[in-house]
Amino acid sequence: MGFLHAAFERLKQFLECSRNIEVDNVCRDRLEKIIILFTKVLLDFLDQHPFSFTSLIQRSLEFAVSYVFTEAGEGVVFERFIVQCMNLIKMIVKNYAYKPSKNVEDSSPETLEAHKIKASFFTYPTLTEICKRLVTHYFLLTEEELTMWEEDPEGFTVEETGGDSWKYSLRPCTEVLFIDIFHEYNQTLTPVLLDMVHSLQGPTNVDDTQTLLIKDAVYNAVGLAAYELFDSVDFDQWFKTQLLAELQVTHNRYKPIRRRVIWLIGQWISVKFKSDLRPMLYEAICNLLQDQDLVVRIETATTLKLTVDDFEFRTDQFLPYLESMFTLLFQLLQEVRECDTKMHVLHVLSCMIERVNMQIRPYVGCLVQYLPLLWKQSEEHNMLRCAILTTLIHLVQGLGADSKNLYPFLLPVIQLSTDVSQPPHVYLLEDGLELWLVTLENSPCLTPELLRIFQNMSALLELSSENLRTCFKIINGYIFLSPSEFLQVNAVELCKSFCEILKDITTEGQVQVLKVVENVLKVNPVLGPDMFQPLLPSVFRGIISGERYPVVMSSYLGIIGRVLLQNKSFFSLLLNQMACEFGQEPDMLLGHVIEMWVDRMDNITQPERRKLSALALLSLLPSDNSIIQDKFCGIINVSVEGLHDVMTEDTETKTFKDCMLMSVSEEPKVTEEEEPPTEQDKRKKMLALKDPVHSVSLQQFVYEKLKAQQELLGEPGFQALMETVDTEIVTQLQDFLQGF
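Residues numbered from 1 in each chain as written. Predicted model: local features only at pLDDT ≥ 70, side-chain atom pairs only at ≥ 80, totals over all residues. Heavy atoms only, no water.

As annotated in an unreviewed UniProt entry, the protein chain is Importin-11 from Eublepharis macularius. On record in UniProt, under Sequence similarities (unreviewed entry), the comment for the protein chain is "Belongs to the importin beta family." Under Subunit (unreviewed entry), UniProt gives the following word-for-word description of the protein chain: "Interacts with UBE2E3 and RPL12." (UniProt positions renumbered as here; feature names shortened; annotations may be inferred.)

Shown next as structure tokens:
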């Protein structure tokens, strides 16, 4: 600790020495490195041992504040040292160890001591001086920045939004310190900042460069402190009476204010901005996207994205400006040269397309024509290609079935992005898979080229990466799109891949594989079981052994339920095969399956699968098989549970109706907030109309099966069977079957 106390004196000596050494001198460079090393030791010690640092808080704050916020630092401080000092102040201000609990009695003595030191240091005059110096000195645009604005506008915007050197540079450090201090002492500093704002009311003379720069800095502070100023600033009024007018000052020297005001609005849009002011803002954005200055246009695009992303965004307000905005953004995309800027503008376009969805269709022609060229130009820039993929994802969703017209460009892009033998897949795979999926979901039909891309899937499944879930969704997409054509070509290879995957995969992965198998059985109950026959014995074994994971057991029962209900002959073959394997009679094995099914019904949480279980078990009736009759009670229990799940009572007629039944005429209404159904949604609905779960009334099915059982056994035999069922269950069953 003695060393650290002495460090401040040594730092002062080093800083004073540096005053007399020229900037480019080797000694000065070495001296600065030593100074930074000392400050780094202080920062590391504060970070690792905050309570041991308590005795140094006062000294550290005095030292840092005097050099950074008073004349003491003039001529001696350098940028890296200022950054270190600001980090020291910030770490003390924000340090959780120095903040008492809401209930002071719960705080440790060390915390209270540290807090007391902080409170005694950060007086009103000190805080005011720090705030004013941060804003009117450190926030000012420098000559170097203004020159960069003129000579390299795209480079300037990249620096402002976080270039490679961002975290080590002075500007972001000062802004973070301002945010932290303002948050901690907002009651003290809010009046100080508002006084600065009031002193700059009205338009500023374009010839008064210094005042323009100060206004830019003050507006920056108001944007950074937006959440803290929520109750103190009537932003809507300010926007209408002053800010909007400042956006309309077109003089070239006023461009820092135009750029800063549109940025400021972007900071406040999600904090406090009335919805009915949006059209005025959109009008201003359209004008600024035509501004003579490129930096202003890029900043405007950023605010447009924040506006479109905002929770209170309304499509109806935005549509009148959509064509203009899209055209102007597209022009900006073509004009900018840097990859980072192109990515940024593409991201804005993507967000806009995503929000307006199908409404974008009339305006995307130019972008659709330009993207292949941009893709070609960006061969060495994988991050730009990622941005193009994201844009394509939203374009496909907006175009729906019309996205088929993009296939000559779209499908080779998907092919390259998802080919693990190609080096770019490292960057492009995740977005490429997402694009592949939305392309399938919106495809009106399966083309040979779209089918050919599936050759990439085998290697993707072997990766077993975090993208596996998307891969399974893609497989399901093909199954829904064109099951016969797709499975005819890929079923054997897919089944092999699944058998390998199931040997070494998580529970989640197992469920995804089983979901694909279940979908195959849905789309093709006749040939599906044959196609995936090698997988079904393991499903059967899982049921017999009482699979311990409920979600996996539910999937097993869903698969066997479909086979039993929709392909009896195959079920018999499978049962005989498994009976040989287990060395049991087929009837005995079937009894074990039914017993396990009834026992594990609670594992099945999806109403569709619960109804499927009831239908499947009921399909074993009528039967004179003693094993099935022995399990009759369980079958009825499952059936009544299923009836409870799916039957809803009509309040007017007092009759029950199966809520899972679907009809062709049922068209769900789509609200403005909801996305319209994709081509895949339509295909799934058509499939559901043929699915027994959605086409067969469970109530009717129960009645018909019980009636058939009664006719087979005769009244005495049937009554004897019904007596094996709990009387309460029988009563509930009779209630459901009233009217039959």
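Caption draft 1: Expanded view of the overall build of the protein chain. Secondary structure assignment for the protein chain yields 38 helices and two strands. The globule rule puts the C-alpha radius of gyration for 740 residues at 27 Å, and the 35 Å found for the protein chain is more than 25% above it. Projected onto the principal axes, the alpha-carbon positions of the protein chain cover approximately 110 × 65 × 60 Å. Evaluated residue by residue, the protein chain yields a buried proportion of 53% over its 740 residues. Residue pairs in contact within the protein chain that sit at least 24 positions apart in sequence constitute 74% of those at least 6 positions apart. Side-chain charges of the protein chain comprise 65 positive and 103 negative groups, with the mean position of each set lying 2 Å from the other. (Helix = DSSP H or I, 4+ residues; strand = E, 2+ residues; numbered from the N terminus. Rg over C-alpha atoms; globule rule 2.2 N^0.38 Å. Buried < 20%, exposed > 50% of the residue type's maximum accessible area, 1.4 Å probe, protein only. Contact = heavy atoms within 4.5 Å. Lys, Arg positive; Asp, Glu negative; His and termini not counted. Charge placed at Lys NZ, Arg CZ, Asp CG, Glu CD.)

Caption draft 2: Representation of helix 35 (residues 679-690) within the structure. For helix 35, with 12 residues, the first-to-last C-alpha span of 17 Å sits near the 16 Å given by 1.5 Å per residue. Along helix 35, the residues that are buried comprise Glu-679, Gln-680, Arg-683, Lys-685, Leu-687, Ala-688 and Leu-689. (Expected span 1.5 Å × (residues − 1).)

Caption draft 3: Quick look at the pattern of salt bridges. On inspection of all chains with the given rule, the structure shows 27 salt bridges. Here Arg-610 and Asp-645 are joined by a salt bridge, their closest N and O atoms 2.5 Å apart. With a gap of 35 residues between them, Arg-610 in helix 32 (residues 607-618) and Asp-645 in helix 34 (residues 632-646) connect regions that are remote in the sequence. Measuring nitrogen to oxygen at the nearest pair gives 3.1 Å for the salt bridge that ties Lys-682 to Glu-679. Within this pair, Lys-682 and its partner Glu-679 are both found in helix 35, separated by three residues, close to a single helical turn. Judged by relative accessible area, which is 43%, Lys-682 ranks as partly exposed. By relative accessible area, Glu-679 is classed as buried at 19%. (Salt bridge = Lys/Arg side-chain N within 4 Å of Asp/Glu carboxyl O.)

Caption draft 4: The arrangement of the packing of helix 29 (residues 550-566) against helix 32 in detail. Helix 32 packs onto helix 29 with a crossing angle of 40° between their chain directions and a minimal axis gap of 9 Å. When the interaxial angle is binned, helix 29 and helix 32 end up oblique. As for how helix 29 packs across helix 32, the hand of that crossing is left-handed. Contacts between helix 29 and helix 32 involve Ser-554, Ser-555, Gly-558, Gly-561, Arg-562, Leu-564 and Leu-565 on the former and, on the latter, Arg-609, Leu-612, Leu-615, Ala-616 and Leu-617. In terms of residue class, the contact of helix 29 with helix 32 is made up of six nonpolar, four polar and two charged. (Axes fitted to C-alpha atoms, helices over the stretch in contact; angles between N-to-C directions. Parallel < 35°, antiparallel > 145°, perpendicular 65-115°, else oblique. Left-handed = near helix turned anticlockwise from the far one by under 90°. Nonpolar A, V, L, I, M, F, W, Y, C, P; charged D, E, K, R; others polar.)

Caption draft 5: Quick peek at a nonpolar patch on the surface. A cluster of nonpolar side chains, Met-383, Val-426 and Tyr-427, forms an exposed patch at the surface whose accessible area comes to about 340 Å². Residue placement: Val-426 occurs in helix 21 (residues 425-441). (Patch = residues over 30% accessible without salt bridge, like charges linked within 9 Å, V, L, I, M, F, W, Y side chains within 5 Å. Areas by Shrake-Rupley, 256 points an atom, 1.4 Å probe, with all protein chains shown as cover.)

Caption draft 6: Main features of the packing of aromatic side chains. Across all of its chains, the model carries 26 aromatic pairs by this definition. Measuring from centroid to centroid gives 5.2 Å for Tyr-282 and Phe-318, while their planes differ by 80°, and the two rings are edge-to-face. Of the two residues, Tyr-282 sits in helix 14 (residues 278-288) while Phe-318 sits in helix 16 (residues 315-335), which places them 36 residues apart along the sequence. Relative accessible area serves as the criterion here: at 0%, Tyr-282 is assigned to the buried category. Owing to a relative accessible area of 0%, Phe-318 belongs among the buried residues under this scheme. (Phe/Tyr/Trp six-rings, centres within 6.5 Å; stacked < 30°, edge-to-face > 60°.)

Caption draft 7: Representation of the nonpolar core. Ranked by size, the top nonpolar core spans 252 residues in total, and within it Trp-436 and Phe-498 carry the most contacts. Apart from residues no more than four positions distant in its own chain, Phe-498 is found in contact with Leu-461, Phe-472, Ile-475, Val-513, Val-516, Val-517, Phe-532 and Leu-535. (Core = buried A, V, L, I, M, F, W, Y, C linked by side-chain atoms within 4.5 Å.)

Caption draft 8: Representation of a negative patch on the surface in the model. Together, Glu-151, Asp-152, Glu-338 and Asp-340 line one region of the surface with negative charge. Along the chain, Glu-151 turns up in helix 7 (residues 143-151). On the basis of relative accessibility, which here comes to 66%, the residue Glu-151 falls in the exposed class.

Caption draft 9: Representation of the confidence of the model for the protein chain within the structure. Across the protein chain, the average pLDDT comes to 92, with 96% of residues at 70 or higher. Taken as a whole, residues 163-167 scores under 50 in pLDDT and shows six contacts with residues more than four places along the chain or in a different chain. (pLDDT = per-residue confidence, 0-100.)

Caption draft 10: Expanded view of the packing of helix 34 against helix 37 (residues 698-722). Between helix 34 and helix 37, the shortest axis-to-axis distance is 12 Å and the interhelical angle comes to 150°. Of the possible angle classes, the one that applies to helix 34 and helix 37 is roughly antiparallel. Handedness of the helix 34/helix 37 crossing: left-handed. Contact with helix 34, carried on its side by Phe-632, Ile-636, Ser-639, Gly-642, Leu-643 and Val-646, involves Leu-698, Gln-699, Val-702, Leu-706, Phe-718, Leu-721 and Met-722 of helix 37 and no other residues of that element. The residue inventory of the contact of helix 34 with helix 37, partitioned by class, reads 10 nonpolar, three polar and no charged.

Caption draft 11: How the structure looks around the state of the cysteines. Counting across every chain of the model gives zero disulfides. In this structure Cys-85 is a free cysteine whose sulfur lies 9.7 Å from that of Cys-173, the closest cysteine sulfur available. With a relative accessible area of 1%, Cys-85 lands in the buried category. The closest cysteine sulfur to the non-disulfide-bonded Cys-386 is located on Cys-339, 11 Å from its own sulfur. (Disulfide = S-S within 2.5 Å.)

Caption draft 12: Expanded view of the environment of Val-218. By the secondary structure assignment, Val-218 is in helix 11 (residues 209-224). Separated by 21 residues in the primary sequence, Val-218 and Val-197 place their C-alpha atoms 6.6 Å from one another. Excluding residues that lie within four positions of it along the chain, Val-218 makes contacts with Val-135, Leu-193, Met-196, Val-197 and Leu-200.

Caption draft 13: A look at unusual backbone geometry. Cis rather than trans, the peptide bond between Leu-621 and Pro-622 has omega equal to -5°. Along the polypeptide, Pro-622 turns up in the loop between helix 32 and helix 33 (626-630).

Caption draft 14: Up close: helix 20 (residues 407-417). For helix 20, the full list of buried residues reads Tyr-407, Phe-409, Leu-410, Leu-411, Val-413, Ile-414 and Ser-417. Packing partners of the buried residues in helix 20 comprise helix 18 (365-377), helix 19 (382-399), helix 21 and helix 22 (448-452).

Caption draft 15: Representation of the environment of Lys-40 within the structure. Tracing the chain through its elements places Lys-40 in helix 2 (residues 26-48). Lys-40 sits in the partly exposed class, given a relative accessible area of 44%. Remark: the alpha-carbon pair of Lys-40 and Phe-81, spanning 41 residues in sequence, is separated by 9.9 Å.

Caption draft 16: Structural context of a positive patch on the surface. Residues Lys-473, Lys-515, Lys-522 and Lys-684 make up a contiguous surface patch of positive charge. Here Lys-515 shows up in helix 26 (residues 507-523). Owing to a relative accessible area of 42%, Lys-515 belongs among the partly exposed residues under this scheme.

Caption draft 17: Geometry of the side chain of Thr-300. Counting through the fold element by element, Thr-300 comes out in helix 15 (residues 294-309). There is a polar contact of 2.7 Å between the side chain of Thr-300 and the backbone oxygen of Val-296. Discounting chain neighbours no more than four positions away, the residues touching Thr-300 are Ile-262, Ile-285, Leu-288 and Leu-289. (Polar contact = N/O pair within 3.5 Å; in protein donor to acceptor, adjacent residues only side chain to side chain.)

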